[in-house]
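Residue-level structural notes
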Amino acid sequence: GKSKPKEPPTAPEEPTTTRNKMSSSNKVFFGELFDAASGSYKSYINGQWLRSCSNKVVTITNPATRKEEFKVQACTREEIDAAYEGCTEAQKIWRQVPLWKRAEALRKVASVLREQRDTIAECLVNEIAKARKDSLSEVDRSADLIEYCAEEGIRLLSKGDFLTSDAFKGTDRTKL
């Protein structure tokens, strides 16, 4: 008789983490953020999800279970400086964007928070041991606040008032 073809070797099982508990649609959504080679999440620097050249990761442990939940990139000083400088340059461009377009971008952010509500809440549960109900509430409140800020900007514009991104300077900040 014919012999059966050999089964391909199976990959070792990933430890159970929030990443592999995600639905397939969330894995696609968050796929760009994850670096399979290091088993960690990438850093967002100057508009790109990048793997740190440090080749180091920081493990995020669930304080309630003491189990590993995530790994994130440990960036070098140079990568942190590049991210900071990129933000400074991006602000120069963002300040020129009309208020209504900024509001539109904020509404999109609020929409993504709502779409990814369960996944984001699960991250809060696992990363800081926040109760699920409170985590869901935090995601909802965050989306609501972002949307409120977008609408408040439009309201000010409709009254003829101007609100620039530099209107709320806050406190002086230094690099980390």
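As the structure is a prediction and not an experimental result, all values here were calculated from the model. Per chain, residue numbering runs from 1 following the sequence as it is written. At least 70 in pLDDT is required for a residue's local features to be given in this predicted model, at least 80 for side-chain atom pairs to be given and counted, and no such filter applies to totals for whole chains, interfaces and linings, which use all residues. The basis for the side-chain values is all heavy atoms of the structure; hydrogens and waters are excluded.

What about the pairing of strand β6 (residues 68-73)?
Bridge count for strand β5 (residues 57-61) against β6 is 5 bridges, and the pairing is antiparallel. Bridge pairing links Thr59 to Lys71 in β6. When DSSP finds at least two bridges between two strands, those strands are taken to pair. Secondary structure is summarised from DSSP: a helix means a run of H or I of at least four residues, a strand means a run of E of at least two, and numbering begins at the N terminus for each. In textbook terms, the turn of a hairpin is the stretch between consecutive antiparallel strands, and for β5 and β6 this stretch comprises 6 residues, one of which, Arg66, has a positive phi near 65°.

Focus on the confidence of the model for the chain
What pLDDT reports is the predictor's confidence in each residue, on a scale of 0 through 100. Looking at the chain, pLDDT values average 81 and 74% of them are 70 or higher. The contact criterion used is simple: two residues touch if any of their non-hydrogen atoms lie within 4.5 Å. Here residues 5-16 scores under 50 on pLDDT; set against residues more than four positions off or in separate chains, the count is 4 contacts.

Description of the packing of helix α5 (residues 117-128) against helix α6 (residues 132-158)
Working note: a packed helix pair is described by the angle between its axes plus the distance between those axes. Here an axis means a line fitted to C-alpha atoms, over the contact stretch when the element is a helix, while the angle between two N-to-C directions is reported on a 0 to 180 degree scale. With their axes 8 Å apart at the nearest point, α5 and α6 run at an angle of 125° to one another. If you check the angle between α5 and α6, you find them oblique. For the pair α5 and α6, the sense of crossing is right-handed. Along the contact surface, α5 presents Arg117, Asp118, Ile120, Ala121, Glu122, Leu124 and Val125, while α6 presents Arg132, Ser135, Leu136, Glu138, Val139 and Asp140. For this scheme, ten residues count as nonpolar: Ala, Val, Leu, Ile, Met, Phe, Trp, Tyr, Cys and Pro. Four count as charged, namely Asp, Glu, Lys and Arg, and the remainder, Gly too, count as polar. In the contact of α5 with α6, the residues fall into 6 nonpolar, 1 polar and 6 charged. Small angles under 35 degrees read as roughly parallel and large ones over 145 as roughly antiparallel, with 65 to 115 read as roughly perpendicular and the rest as oblique. Crossing handedness follows the turn of the near helix against the far one: under a right angle anticlockwise gives a left-handed crossing, and clockwise gives a right-handed one.

Focus on the nonpolar core
Nonpolar core, defined: a set of buried Ala, Val, Leu, Ile, Met, Phe, Trp, Tyr and Cys residues in which side-chain atoms within 4.5 Å join the residues together. The cut-offs for exposure are 20% and 50% of the maximum accessible area for each residue type, with area from a 1.4 Å probe on protein chains only; residues under the lower value are buried, those over the upper are exposed, and the others partly exposed. Ranked by size, the top nonpolar core spans 7 residues in total: Ala110, Leu113, Ala121, Leu124, Leu136, Val139 and Ala143. Secondary-structure elements contributing two or more residues to this core are α4 (99-115), α5 and α6. Among the elements that take part in this core, α6 stands out by supplying 3 residues, more than any other. Not counting chain neighbours up to four residues away, the residues in contact with Leu113 comprise Ile120, Val139, Ser142, Ala143 and Ile146. Core analysis: the second largest hydrophobic core is formed by 5 residues, Leu33, Phe34, Tyr41 and Phe70 among them.

Examining the packing of α4 against α6
Where α4 meets α6, the closest approach of the two axes is 9 Å, and the angle between their N-to-C directions is 165°. The orientation of α4 relative to α6 falls into the category roughly antiparallel. As for how α4 packs across α6, the hand of that crossing is left-handed. In this structure, α4 contributes Leu99, Trp100, Ala103, Leu106, Arg107, Val109, Ala110, Leu113 and Arg114 to the contact, and α6 contributes Val139, Ser142, Ala143, Asp144, Ile146, Glu147, Ala150, Glu151, Gly153, Ile154 and Leu157. Classifying every residue of the contact of α4 with α6 gives 13 nonpolar, 2 polar and 5 charged.

Points about unusual backbone geometry
Positive phi outside glycine occurs at Asn55, with the angle close to 55°. As for its position among the elements, Asn55 is in the loop between β4 (48-50) and β5. One non-glycine residue, Arg66, lies in the positive phi region at around 65°. With respect to the secondary-structure elements, Arg66 resides in the loop between β5 and β6.

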